[in-house]
Amino acid sequence: MPVTRPAPMPPAMISDGLPDRLAALLAQANAAHATFESRQTAATRTVNAAAGAEKGTERWSVASVALAGLETARSQAAMPLADLDRLEAEASNRAVEGSDADLKAVRDTRVKVEALVQGETGVIDSLRTKLGA
């Protein structure tokens, strides 16, 4: 009996439209991160000036508002994660039936967005500690 080889697998293909959707989500996160970065220097300066100030004082309040601006930008950067959760679940279902190319693409984008958000969280946590908030 001759040995038969399995049919070659077709190259892994990403679903139509997914690359554009992932690029848009990453662009959304990057735009929010740019806003975060544009606010970071002023917020850091304001928090440094208010370090040691009592809660409720004007310096502390101004620094708290600056910190809230960073938190807003971080929340905007994190918003694409909800869409990525949904896309990951859908891609995971498709991977069971065949190619995992979609799943890999979604996870790659997710890692990038999560890295932005985690970096921002580190900055915010550090400033919050310095402020005593």
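Since the model is a prediction, treat every value here as computed from it, not as a measurement.

Rules of the game
- Residues numbered from 1 in each chain as written.
- Predicted model: local features only at pLDDT ≥ 70, side-chain atom pairs only at ≥ 80, totals over all residues.
- Heavy atoms only, no water.
- Core = buried A, V, L, I, M, F, W, Y, C linked by side-chain atoms within 4.5 Å.
- Buried < 20%, exposed > 50% of the residue type's maximum accessible area, 1.4 Å probe, protein only.
- Helix = DSSP H or I, 4+ residues; strand = E, 2+ residues; numbered from the N terminus.
- Contact = heavy atoms within 4.5 Å.
- Expected span 1.5 Å × (residues − 1).
- Salt bridge = Lys/Arg side-chain N within 4 Å of Asp/Glu carboxyl O.
- Lys, Arg positive; Asp, Glu negative; His and termini not counted.
- Polar contact = N/O pair within 3.5 Å; in protein donor to acceptor, adjacent residues only side chain to side chain.

Asks: So, the nonpolar core: which residues are in play, and what are the values?
Replies: In this structure, L18, L22, L84, L87, V106 and V113 are the most contacted members of the largest nonpolar core, which totals 16 residues. When contributions to this core are tallied by element, the ones reaching two or more residues are α1 (18–50), α3 (80–97) and α4 (101–131). When residues of this core are assigned to their parent elements, the largest contribution, six residues, is made by α4. Beyond its immediate chain neighbours, meaning those up to four positions away, V113 contacts L26, A29, A77, L81 and L84. Residues V47, A63, L67 and L127 belong to the second largest nonpolar core, which totals 13 residues.

Asks: Would you mind going over helix α2 (residues 58–78) in detail, with residue names and values included?
Replies: Since one α-helical turn is 3.6 residues long, residues separated by three or four positions face the same way. In this model α2 runs 30 Å from its N-terminal to its C-terminal C-alpha over 21 residues, within 8% of the 30 Å that 1.5 Å per residue would give. Along α2, the positions that sit buried rather than exposed are W60, A63, L67, G69, L70, A73, R74 and A77.

Asks: Lay out the pattern of salt bridges with the relevant residues and their values.
Replies: If you walk through the whole model with that rule in mind, you get 11 salt bridges. For E88, the salt bridge goes to R107, with nearest N and O atoms at 2.8 Å. Pair noted here: E88 is in helix α3 and R107 is in helix α4, with a separation of 19 residues, a long-range link. For E88, a relative accessible area of 17% translates into the label buried. Across the salt bridge formed by K104 and D100, the nearest N and O atoms sit 3.7 Å from each other.

Asks: If you had to explain the side chain of T109 to someone new, which residues and values would you point to?
Replies: Within the fold, T109 resides in helix α4. On the basis of relative accessible area, T109 is assigned to the buried category, the value being 7%. Not counting residues up to four positions away in its chain, the partners in contact with T109 are L22, L26 and L84.

Asks: A description of the side chain of R74 should follow, citing residues and the corresponding values.
Replies: Inspection of the secondary structure puts R74 in helix α2. E71 provides the closest opposite charge to the buried, salt-bridge-free R74, at an N-O distance of 4.6 Å. Looking at R74, its side chain comes within polar contact range of the side chain of T121, at 3.3 Å. Contacts of R74, omitting those with residues within four sequence positions, involve F36, V117, E120, T121 and I124.

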